[in-house]
Amino acid sequence: MRSSSKSTPLAPLKASLIARDVRNGFALLDAYFTRSRRLPVDCSTSFEMLFVLAQWSDLGYRDRAFFERQLALFAKVKRSQLRAEDYLHLRFAETYRLFARDEHAATAAMLASLLHANAELLPLHVKFVALFWKGRANRLEGDFEAALSAIRSAREVALVMEAEKLVAVTAVHQSWLLFHRGERGLALDLLDQAERVLLPTGHALSLGNIAAARGRFFRSSGEYDRALTYFEQAIQLYRTQFASHPNLARALVNAAYVKRLQALQLQPGRGSPASASINNLILQIVHEAMEFLRDARTIYSSHEHQAGTGSVLINLGHLQLESGEIEAASEEGLAAYSLGQVKNDPVLMARARILQAYVEMACAEEQIDFPSNSKSPGQRAIDFAEEAIALSQATQNSRLLAAAYITRGHTAADVENADWDLVLRCAARAEELLASGDRDHLSQELSGLRKKIAQSQALEITWRRWVNGDLDGKTFQQVEEEFAAIVIPQVWMKLGQNVSRVAKHLSVSPKKVRRALGNAPAVRSPNRDS
């Protein structure tokens, strides 16, 4: 027979959850675990207390390891002898363990099963938690429609409960899903509503989530300074109460990503060397981004958060690639893909393949090849881009799929015998997938792809007119300069981007080579003269 003498602060903890009174809830738990280091297994409220602890763990109480130690105490209970409500509380606690371990598909499946089989038995608050966790798990596994359905159902339950704070927390997650659909204005309105309700709670995790969501919204519209302000606000909020929480790591990664995009914006145009002050500023921004990533990696490692670690690797890889560290970027891409395989995470694997495709394009451009590879860098880039498309199609992440198509378009355009029909199809598909409000790096990369298409079409028209003797009123010297701007960059690419070798090969002056490269919009100006 179970004892009821071991008192637990169950009722006030449940009330604090609904009110999102985090300070009081944490204080109650600290006081309880000061008296007793473990949950009782044999008391009448043991299983409900375990489920309540799972919810507090989700709100940032201590860490996953602490919760799992408490859950392990229940490992030997005879489930066949449990009351129905105790069995359900145990199963929901076990589901949270899966969620905390980033096993999102398994979490969503288990919650769907529990909700389907026990819909009539679940008290409203338990049903809310189950739907809320399911929606978040669905979103993290890339099933956005299922996520939105679950979050909306959780909101309906919270409204029936007249739990204003719970309605507000669902609004934060609903806003992200609506934003993904392209409903940016409504998404921002929901964040404003949620913030007004949750601000009095002082819960840094919820408020930080709101700031981070705003950062992501403004990043997608290309407002990088504003986005960085919100990410830095989120970082400060998280650090006040949750200095080692995965959400802090995620905000650090997002801030690093924005800094990387800011650094790219400062890069000079083709044929325009950067001033020393601009170069120093770029180096400073890249250094700050890498510091953010190092801090994020430390937090993710402490939680064994492999998806987060993978995100760090991908961002670090892009920074290294853009700094000319091609081999290091290749290693980061491979490591990120391996982590994605371990977790069967198509989003992470697709992002890794996109990075690897750009690495191989850089190898082709720099004429670098690793002895262990049997295929050419250009072909490897194509293979990685096509795999990224296939992986992205297994999710509902339209931006990821757009990025994969843009990458495939660049791989088709940058080979010796460019397939311009394929490039056109990739650009068109990416344009369909991106929302009208997208003004970030993806839209810029798509514009770059469109420019390549326009240049190829213009080049074809130019050749035809020249062959027919139509010089469009140009002098022979002007035609010669235009011809040089077309041909010399191609020779420069084939000869390892070496100005001296090109000049010798074509019997022209290095000055003429440099002028032709500066006039060629489709080819980057050389950073060095070997």
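### A look at the overall build of the protein
Part 1: Of regular secondary structure, the protein possesses 24 helices and zero strands.
Part 2: Projecting the C-alpha coordinates of the protein onto the three principal axes gives extents of approximately 100 × 45 × 35 Å.
Part 3: Taking all 530 residues of the protein together, the buried fraction comes to 52%.
Part 4: Nonlocal contacts in the protein, meaning residues at least 24 apart in sequence, comprise 64% of its contacts between residues at least 6 apart.
Part 5: Averaging the locations of the 64 positively and 59 negatively charged side chains of the protein gives two centres separated by 4 Å.

### Things to note about the packing of aromatic side chains
Part 1: Enumeration over the complete set of coordinates arrives at 16 aromatic pairs.
Part 2: Look at Phe47 and Phe74: their rings are 5.2 Å apart centre to centre, the planes differ by 65 degrees, and that puts the pair in the edge-to-face class. Of this pair, Phe47 sits in helix H3 (residues 46-58) while Phe74 sits in the loop between helix H4 (64-72) and helix H5 (84-100), placing them 27 residues apart in sequence. The burial state of Phe47 is the same as that of Phe74; both residues are buried.
Part 3: Judged by centre distance (4.2 Å) and plane angle (20 degrees), the ring pair of Phe179 and Phe217 falls under stacked. Of this pair, Phe179 sits in helix H9 (residues 164-180) while Phe217 sits in helix H11 (residues 204-220); the two residues are 38 residues apart in sequence, bridging distant segments of the chain.
Part 4: These aromatic residues form a ring-pair network of at least three members: Phe26, Tyr32, Phe33, Trp56, Tyr61, Phe66 and Phe242.
Part 5: Here the basic side chain of Arg62 rests over the ring of Phe66, its NZ or CZ set 4.5 Å away from the ring centre.
Part 6: The ring centre of Trp176 lies 4.7 Å from the NZ or CZ of Arg139, which sits over that ring.

### Considering the pattern of salt bridges
Part 1: For the structure shown, the criterion picks out 28 salt bridges.
Part 2: Sharing partners across several salt bridges, the network here consists of Arg64, Glu68, Arg101 and Glu304.

### A short note on the packing of H3 against H5
Part 1: Their axes nearest at 8 Å, the elements H3 and H5 cross at an angle of 25 degrees. As far as their axial angle goes, H5 and H3 are roughly parallel. Crossing of H3 over H5 shows left-handed handedness. Two secondary-structure elements touch here, H3 through Phe47, Glu48, Leu50, Phe51, Ala54, Ser57 and Asp58 and H5 through Asp86, His89, Leu90, Phe92, Ala93, Tyr96 and Phe99.
Part 2: Looking at the contact of H3 with H5, its residues break down into nine nonpolar, two polar and three charged.

### As for the side chain of Asp345
Part 1: Counting through the fold element by element, Asp345 comes out in the loop between helix H16 (326-343) and helix H17 (346-366).
Part 2: Of the buried charged residues, Asp345 lacks a salt bridge, with Arg351 as the closest side chain of opposite charge at 7.7 Å.
Part 3: With near-sequence residues (within four places) excluded, Asp345 lies in contact with Ala307 and Gly340.

### A closer look at the side chain of Thr95
Part 1: With respect to the helices and strands, the residue Thr95 is situated in helix H5.
Part 2: Non-local contacts of Thr95, meaning those with residues more than four positions away in its chain, are made with Thr107, Met110, Leu111 and Leu114.

### Re the confidence of the model for the protein
Part 1: In this model, the protein carries a mean pLDDT of 88, and residues with pLDDT of at least 70 account for 91%.
Part 2: Scored below 50 in pLDDT, residues 522-530 makes 22 contacts in the model with residues more than four places away or belonging to other chains.

### So, the nonpolar core
Part 1: The biggest cluster of nonpolar side chains holds 113 residues, and the ones touching the most others in it are Trp56, Phe92 and Phe128.
Part 2: With 11 residues, the single largest contributor to this core is helix H13 (residues 246-266).
Part 3: Core analysis: the next-biggest nonpolar cluster, separate from the first, contains 44 residues, Leu313, Leu348, Leu422 and Ala427 among them.

### With respect to the environment of Tyr224
Part 1: You can see Tyr224 is positioned in helix H12 (residues 224-241).
Part 2: In the structure, Tyr224 is positioned 91 residues away from Trp133 in sequence and 31 Å away in space, judged by C-alpha atoms.
Part 3: Other than its neighbours up to four places away in sequence, Tyr224 contacts Arg219, Val258, Leu261, Gln262, Gln265, Asp440, His441 and Gln444.

### Examining the environment of Val197
Part 1: Within the secondary structure, Val197 is located in helix H10 (residues 184-198).
Part 2: For the pair Val197 and Val169, spaced 28 residues apart in the sequence, the C-alpha separation amounts to 9.2 Å.
Part 3: Setting aside anything within four residues of it in sequence, one finds Val197 in contact with Glu164, Lys165 and Ala168.

### Points about H5
Part 1: Relative to the 24 Å expected for 17 residues at 1.5 Å per residue, H5 spans 24 Å between its end C-alpha atoms, a close match to the ideal helical length.
Part 2: Among all positions in H5, only Asp86, Leu88, His89, Leu90, Phe92, Ala93, Glu94, Thr95, Tyr96, Leu98 and Phe99 are buried.
Part 3: Buried residues belonging to H5 abut H3, H4, helix H6 (104-118) and helix H7 (124-140).
Part 4: Directly beyond the C-terminal end of H5, a positive phi value near 70 degrees is found at Asp102.

### Here's the deal with the packing of H16 against H17
Part 1: Between H16 and H17, the shortest axis-to-axis distance is 8 Å and the interhelical angle comes to 155 degrees. One way to sum up the angle between H16 and H17 is to call them roughly antiparallel. H17 is crossed by H16, and the crossing has left-handed handedness. Of the residues in H17, those touching H16 at Ile326, Ala329, Ser330, Glu332, Gly333, Leu334, Ala336, Tyr337, Leu339, Gly340 and Gln341 are Leu348, Met349, Ala352, Arg353, Leu355, Gln356, Val359, Ala362, Cys363 and Glu366.
Part 2: The class makeup of the residues in the contact of H16 with H17 is 13 nonpolar, five polar and three charged.

### Re unusual backbone geometry
Part 1: A positive phi angle, near 55 degrees, is found at Glu162, a position not held by glycine.
Part 2: You can see Glu162 is positioned in the loop between helix H8 (144-161) and H9.
Part 3: Phi angles above zero are rare outside glycine, and Glu304 is one such case at about 55 degrees.
Part 4: With respect to the secondary-structure elements, Glu304 resides in the loop between helix H14 (276-302) and helix H15 (306-322).

Rules behind the numbers
- Residues numbered from 1 in each chain as written.
- Predicted model: local features only at pLDDT ≥ 70, side-chain atom pairs only at ≥ 80, totals over all residues.
- Heavy atoms only, no water.
- Helix = DSSP H or I, 4+ residues; strand = E, 2+ residues; numbered from the N terminus.
- Buried < 20%, exposed > 50% of the residue type's maximum accessible area, 1.4 Å probe, protein only.
- Contact = heavy atoms within 4.5 Å.
- Lys, Arg positive; Asp, Glu negative; His and termini not counted.
- Charge placed at Lys NZ, Arg CZ, Asp CG, Glu CD.
- Phe/Tyr/Trp six-rings, centres within 6.5 Å; stacked < 30°, edge-to-face > 60°.
- Lys NZ or Arg CZ within 6 Å of the ring centre and 35° of its normal.
- Salt bridge = Lys/Arg side-chain N within 4 Å of Asp/Glu carboxyl O.
- Axes fitted to C-alpha atoms, helices over the stretch in contact; angles between N-to-C directions.
- Parallel < 35°, antiparallel > 145°, perpendicular 65-115°, else oblique.
- Left-handed = near helix turned anticlockwise from the far one by under 90°.
- Nonpolar A, V, L, I, M, F, W, Y, C, P; charged D, E, K, R; others polar.
- pLDDT = per-residue confidence, 0-100.
- Core = buried A, V, L, I, M, F, W, Y, C linked by side-chain atoms within 4.5 Å.
- Expected span 1.5 Å × (residues − 1).

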